[in-house]
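Structural overview
So you can see what is in the structure, the chains are spelled out below.
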Amino acid sequence: MIITDNLITSFLRTRSDTEEICAPLQIEDYVIQPIVDVSPPKWHLGHTTWFFEEFILSKYVSGFKRFHPEYAYVFNSYYESVGKRVIRTDRGNLSRPTVSEVYEYRDYITSHLQTFLEENDDPKIRELVEIGIHHEKQHQELLITDIKFILGNNPLFPKYNDTFSENPSFDDDQIPGYSTVEEGIYEIGYEGNKFCYDNELGRHKVFLREYTIANALVTNKEYLEFIEDKGYQNSLLWHAEAWDWIHKDNIKAPLYWHKIDGQYHQYTLQGLKTVDYAAPVTHISFYEAFAFAQWKGERLPTEFEWEIAQSLFKWGIRWEWTESAYSPYPNYKKAPGALGEYNGKFMVNQKVLRGGSVATPRNHTRLTYRNFFHPNLRWQFTGLRLVKDK
């Protein structure tokens, strides 16, 4: 076999993992889109399939026949240079194609791509397949968080399953306190020959002043103290834009927190539970993370401070907000063609998050991975770590 068994195995496992995430869903769950940022599970299943069809099979397989001539219009996301698409807000209006038809589409593309890979020796194809695998892994995380938003905004608070743990035990043994990083010039960005996204390149030097960074994430208990000290009512803690946001949307606590009979509960993928105050706080916006840091008299790390310090603490249970704006590294180069739209076009008005979360798929985190979201968003498993200056 010319393209290695490992790549084909990784491709097939990724395809299977996506469908396993959807296994607990009822058929009615597949189509719902409560807000613009949350896509229906059926759309994720189709979009990750379209990616392989559009960028590999339709371009490199002679005589390839698309599964359906209109699916490119239905399942394109934001690739303007590829063609027209259903606008993002309307993804939840698509009762057709049916869920069963989308699964047939997945099987068709998976089978054709597997056959193609078993007969192909082009390194460019390998690179595109690897991008497609990691693209689907990103959507696996979005699937989990989108499913949580769909179920968590149902007044019955239905359970997703009994096994998904939002607070895994590996986080319990984090050492409290702070670690110090000495002043100096450090190298930032990906270095190596394995997969990374273009926004992790090019590697460059930064100067950092001495700082101390928390060994542990901020907990629900600490965040409750902020709430009870009327942090959401103190205008001095908030950016002006954030102050407008919390009043417009009546924000008083992290997403999924509900005060019932005087006690806070939190919707989890295992249903509604009393808040675990020892667990790291999650589902907070950058606005809230910044305000909390102001209240503590500390600050958020820059993404560079986080990257250099990451060996000093355990990470991966929450995406961690940083103070850094999402912008290109020096000598950043977008990929040619439509794939150049993957990251570069979003480098404005967003904040960088680092680390990974309980929803991030296996083999998909790196210390240089740069996630990014608008500062008001909080449906991902987002938390924070604090920094003190010397």
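Residues numbered from 1 in each chain as written. Predicted model: local features only at pLDDT ≥ 70, side-chain atom pairs only at ≥ 80, totals over all residues. Heavy atoms only, no water.

Here we come to the overall build of the protein chain. Counting secondary structure elements, the protein chain contains 9 helices and 12 strands. Rg of the C-alpha trace for the protein chain: 22 Å, near the compact-globule value of 21 Å for 390 residues, within the 12% margin. Along the longest, intermediate and shortest principal axes, the C-alpha atoms of the protein chain span 65 × 50 × 35 Å. Across the protein chain, contacts joining residues at least 24 apart in sequence account for 78% of those joining residues at least 6 apart. Summed over all atoms, the accessible surface of the protein chain reaches about 18100 Å², with 50% contributed by carbon and sulfur. Where the 43 positive side-chain charges of the protein chain centre and where its 54 negative ones centre are 2 Å apart. (Helix = DSSP H or I, 4+ residues; strand = E, 2+ residues; numbered from the N terminus. Rg over C-alpha atoms; globule rule 2.2 N^0.38 Å. Contact = heavy atoms within 4.5 Å. Areas by Shrake-Rupley, 256 points an atom, 1.4 Å probe, with all protein chains shown as cover. Lys, Arg positive; Asp, Glu negative; His and termini not counted. Charge placed at Lys NZ, Arg CZ, Asp CG, Glu CD.)

If you trace the 3 strands from one edge of the open sheet to the other, you get S5-S6-S7, paired in antiparallel fashion. Edge strands, defined here as strands with exactly one partner in the open sheet, are strand S5 (257–260) and strand S7 (271–274). For this sheet the average axis-to-axis angle between neighbouring strands, irrespective of direction, equals 35°. (Pairing = 2+ DSSP bridges. Axes fitted to C-alpha atoms, helices over the stretch in contact; angles between N-to-C directions.)

In this structure the tally under the stated criterion is 43 aromatic pairs. Consider the rings of Phe67 and Tyr71, whose centres lie 5.7 Å apart with planes at 40°: the pair is tilted. Owing to a relative accessible area of 27%, Phe67 belongs among the partly exposed residues under this scheme. The exposure class assigned to Tyr71 is buried, which follows from its relative accessible area of 6%. Here the aromatic residues Phe11, Trp50, Phe51, Phe52, Phe55, Tyr78, Tyr79, Tyr326, Phe346 and Phe372 are joined through ring pairs into a cluster of three or more. Lying over the aromatic face of Phe313, Arg385 brings its terminal NZ or CZ to 3.7 Å of the ring centre. (Phe/Tyr/Trp six-rings, centres within 6.5 Å; stacked < 30°, edge-to-face > 60°. Buried < 20%, exposed > 50% of the residue type's maximum accessible area, 1.4 Å probe, protein only. Lys NZ or Arg CZ within 6 Å of the ring centre and 35° of its normal.)

Pairing between side chains of opposite charge can happen when the charged atoms of each approach one another. Enumeration over the complete set of coordinates arrives at 24 salt bridges. Here Glu225 makes a salt bridge to Lys221, at a shortest N to O gap of 3.1 Å. With Glu225 and Lys221 both in helix H6 (residues 220–228) and 4 residues apart, this pair spans about one turn of that helix. For Lys221, a relative accessible area of 48% translates into the label partly exposed. Lys351 is paired through a salt bridge with Glu323; the nearest N and O atoms lie 3.2 Å apart. Taken as a pair, Lys351 in strand S9 (residues 351–354) and Glu323 in strand S8 (residues 319–325) lie far apart in primary sequence, 28 residues in all. Residue classification places Glu323 among the partly exposed residues on the basis of a relative accessible area of 29%. Taken together, the shared-partner salt bridges connect Arg15, Glu19, Arg106 and Glu136 into one network. (Salt bridge = Lys/Arg side-chain N within 4 Å of Asp/Glu carboxyl O.)

Moving on: unusual backbone geometry. Most peptide bonds are trans, and most residues other than glycine sit at a negative phi. A cis geometry characterises the amide bond from Arg96 onward to Pro97, with omega recorded as 0°. Geometrically, the link from Leu201 to Gly202 is a cis peptide bond, its omega value of -10° lying close to zero. Even without glycine at this site, Asn331 takes up a positive phi of about 65°. Phi is positive for Asn349, which is not a glycine, with a value near 60°. Structurally, Asn349 can be placed in the loop between S8 and S9.

Turning next to the pairing of strand S1 (residues 178–181). Along S1, the buried face is formed by Ser179 and Val181; none of Tyr178 and Thr180, which line the opposite face, is buried. Taken together, the 4 bridges between S1 and strand S4 (residues 211–214) define a ladder with antiparallel strand orientation. By the bridge assignment, Ser179 is partnered in S4 with Ile213.

To continue, consider the nonpolar core. In globular proteins that are soluble, nonpolar side chains generally tend to be buried together. In terms of nonpolar packing, the biggest core is built from 93 residues, with Phe226, Trp238 and Leu384 touching the most fellow members. Broken down by element, this core gets its largest block of residues, 11 residues, from helix H5 (residues 123–152). Beyond its immediate sequence surroundings of up to four residues, Leu384 is in contact with Leu217, Val218, Val281, Ile284, Ala289, Phe292 and Leu300. Listed in part, the 12 residues of the second largest apolar core include Ile188, Tyr211, Phe313 and Val387. (Core = buried A, V, L, I, M, F, W, Y, C linked by side-chain atoms within 4.5 Å.)

On to the environment of Thr282. Examined against the element boundaries, Thr282 turns out to sit in the loop between S7 and helix H8 (286–296). With relative accessibility at 2%, the residue Thr282 sits in the buried group. Taking C-alpha positions, Thr282 is 5.0 Å from Thr382, a pair spaced 100 residues apart along the chain. Filtering out sequence-adjacent residues up to four positions away, Thr282 remains in contact with Asn220, Pro254, Gln266, Arg318, Gln380, Phe381 and Thr382. Of the polar contacts made by the side chain of Thr282, one reaches the side chain of Arg318; its length is 3.4 Å. A distance of 3.4 Å separates a polar side-chain atom of Thr282 from the backbone nitrogen of Thr382. (Polar contact = N/O pair within 3.5 Å; in protein donor to acceptor, adjacent residues only side chain to side chain.)

The quantities given are spatial measurements derived from coordinates; they are silent on function.
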